[in-house]
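Each chain is listed here by its residues.
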Amino acid sequence: MNKLTKIARMKIIVIGLGNFGMSAAINLSNTNNEVIAIDVDPEKISQIKDQVAHAVAFDAKKESAYNSLPLKNTDLVIIAIGDRNGTAIMSTAIIKKLTNAKIIARASSPIEDTILQAMGVDQIIHPEREFAEKFTKTINLDGSIDNFEVDEDHLVSEIEVPKDLIGTTILASKFRENYDVNIITIIRQQKKKNILGSTYTKKDVLGTPDPNTVLQKGDILVVFGKDKNIKRILK
């Protein structure tokens, strides 16, 4: 069991420790949330028990098993079960009955989507589909590093600084004027020295860039704009 050295931001229960659930539980714990991880498989509980506040093995289809959970003091329940045998729906129904906590549930099929919507869960997620859509967007925007889709037309995208803009200021580059795209921030490789005197490279986020910031080779521009305009930059 982890000893939390800071006050936890949220108390979160993650049910289902497949690839998505395991990663979500560990990352949420690492960002100072108090996480209880649950799965029917004792081996998965063994894998994660030292990385979260508490880990419990039980069958999510059995309502009596939930009595051991601090549901009244829980802020968020993530039902990450990915099978198609109805366990996720049953678990969601039990959680809805026992707590008023926010519920995020994973849907593995269109019918599960419909049922979860009818049950009134706060958010429905489709990890594989969402990853595939993001991956496809990255492929289609050849030259981009990563993307976050705001809506069908707008993206937040990480792109390498265009070669012809290296050495110019943001103001002189007329970036917004030429592309109708905003630079939100810049990720810059900075050379630093460790306590042994060895040089290493670290990525620094520069915050809100000043118009007089000079664009350097290796800079990653985090930009916001329309899909079509970001494509123009990449071309």
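The shown structure was predicted, so the numbers you read here are calculated from the model rather than taken from an experiment.

Parameters and conventions
- Residues numbered from 1 in each chain as written.
- Predicted model: local features only at pLDDT ≥ 70, side-chain atom pairs only at ≥ 80, totals over all residues.
- Heavy atoms only, no water.
- Helix = DSSP H or I, 4+ residues; strand = E, 2+ residues; numbered from the N terminus.
- Buried < 20%, exposed > 50% of the residue type's maximum accessible area, 1.4 Å probe, protein only.
- Contact = heavy atoms within 4.5 Å.
- Core = buried A, V, L, I, M, F, W, Y, C linked by side-chain atoms within 4.5 Å.
- Pairing = 2+ DSSP bridges.
- Axes fitted to C-alpha atoms, helices over the stretch in contact; angles between N-to-C directions.
- Salt bridge = Lys/Arg side-chain N within 4 Å of Asp/Glu carboxyl O.
- Phe/Tyr/Trp six-rings, centres within 6.5 Å; stacked < 30°, edge-to-face > 60°.
- Arc of directions from axis to C-beta.

Participant: Which parts of the structure should I look at to understand the overall build of the protein chain?
Facilitator: Helix and strand counts for the protein chain come out as 8 helices and 11 strands. Buried positions account for 40% of the 235 residues belonging to the protein chain. Of all intrachain contacts in the protein chain linking residues separated by at least 6 positions in sequence, the fraction that spans at least 24 positions is 56%.

Participant: So what exactly am I meant to see when it comes to unusual backbone geometry here?
Facilitator: Note: most peptide bonds trans; most residues except glycine with negative phi. Its identity is not glycine, yet N32 carries a phi of approximately 70 degrees, on the positive side. For N32, the position within the fold is in the loop between α1 (19-30) and β2 (34-39). Owing to a relative accessible area of 21%, N32 belongs among the partly exposed residues under this scheme. Here the phi dihedral of K174 falls at roughly 50 degrees; this positive angle occurs in a residue that is not glycine.

Participant: Help me understand the nonpolar core in this model?
Facilitator: Burial of nonpolar side chains together is a common tendency in soluble globular proteins. In terms of nonpolar packing, the biggest core is built from 25 residues, with I15, Y66 and I79 touching the most fellow members. Looking at this core, the elements that each hand over two or more residues are β1 (11-15), β2, β4 (76-79), α3 (87-98) and β5 (102-106). In terms of residue count, the dominant contributor to this core is α3 (4 residues). Setting aside residues no more than four positions away along its own chain, I79 makes contact with I15, A88, S91, T92, I95, I103, I104, A105 and R106. With 17 residues, the next largest nonpolar core counts V14, L17, A25 and I45 among its residues.

Participant: In this structure, what is going on with the sheet that holds β4? I would like to understand it.
Facilitator: Picture the strands of a sheet paired through backbone hydrogen bonds; they go either parallel or antiparallel. Spatially, the 6 strands line up as an open sheet ordered β3-β2-β1-β4-β5-β6, and their pairing is parallel. Across the chains shown, the open sheet's two edge strands, defined by having one partner strand only, are β3 (54-57) and β6 (123-125). Pairwise comparison of adjacent strand axes, ignoring direction, gives a mean angle of 15 degrees for this sheet. Pairing analysis gives 5 bridges linking β1 to β2, with the strands arranged parallel. Residue pairing across strands places I12 opposite V35, the latter belonging to β2.

Participant: Is there a simple way to explain the pattern of salt bridges in this structure?
Facilitator: When their charged atoms lie close together, side chains carrying opposite charge are able to pair. Taken as a whole and assessed by the stated rule, the structure comprises 6 salt bridges. Ionic pairing is found between K97 and E63, a salt bridge with its closest N-O pair at 3.0 Å. In this pair, K97 is assigned in helix α3 and E63 in the loop between β3 and β4, connecting sequence segments 34 residues apart.

Participant: What's the story with the environment of L98 in this structure? I'm lost.
Facilitator: Counting through the fold element by element, L98 comes out in helix α3. Given the relative accessible area of 29%, L98 is considered partly exposed. Spatially, the C-alpha atoms of L98 and Y66 are 8.6 Å apart, while their sequence positions differ by 32 residues. If sequence neighbours within four positions are ignored, L98 has contacts with E63, Y66 and L71.

Participant: Hey, could you run me through the packing of aromatic side chains in this one?
Facilitator: Any aromatic ring pair is given by two values, namely how distant the centres are and how the planes are angled relative to each other. In total, this model carries 2 aromatic pairs according to the counting rule given. Centre to centre, the rings of F58 and Y66 are 5.2 Å apart; their planes meet at 65 degrees, and the pair counts as edge-to-face. For F58, a relative accessible area of 10% corresponds to the buried category. By relative accessible area, Y66 is classed as buried at 1%. The interplanar angle of 55 degrees and the centroid separation of 5.3 Å between the aromatic rings of F175 and Y179 together place this pair among those described as tilted. Taken as a pair, F175 and Y179 lie in helix α7 (residues 175-179) at a separation of 4 residues, close to a single helical turn. With respect to burial, F175 and Y179 carry one shared label: buried.

Participant: Sorry, what's going on with helix α8 (residues 227-234) here?
Facilitator: Side chains of residues three or four places apart in an α-helix project in the same direction, reflecting 3.6 residues per turn. Within the span of α8, buried status applies to D227, N229, I230 and I233. Projected onto a plane normal to the axis of α8, the buried residues spread over an arc of 165 degrees and lie on a single side.

Participant: Where do I start with the environment of E160 in this structure?
Facilitator: Secondary-structure assignment places E160 in strand β8 (residues 154-160). For E160, a relative accessible area of 56% translates into the label exposed. A C-alpha to C-alpha distance of 8.7 Å links E160 and L234, two positions 74 residues apart in sequence.

Keep in mind that these numbers describe shape and distance, not what the molecule does.
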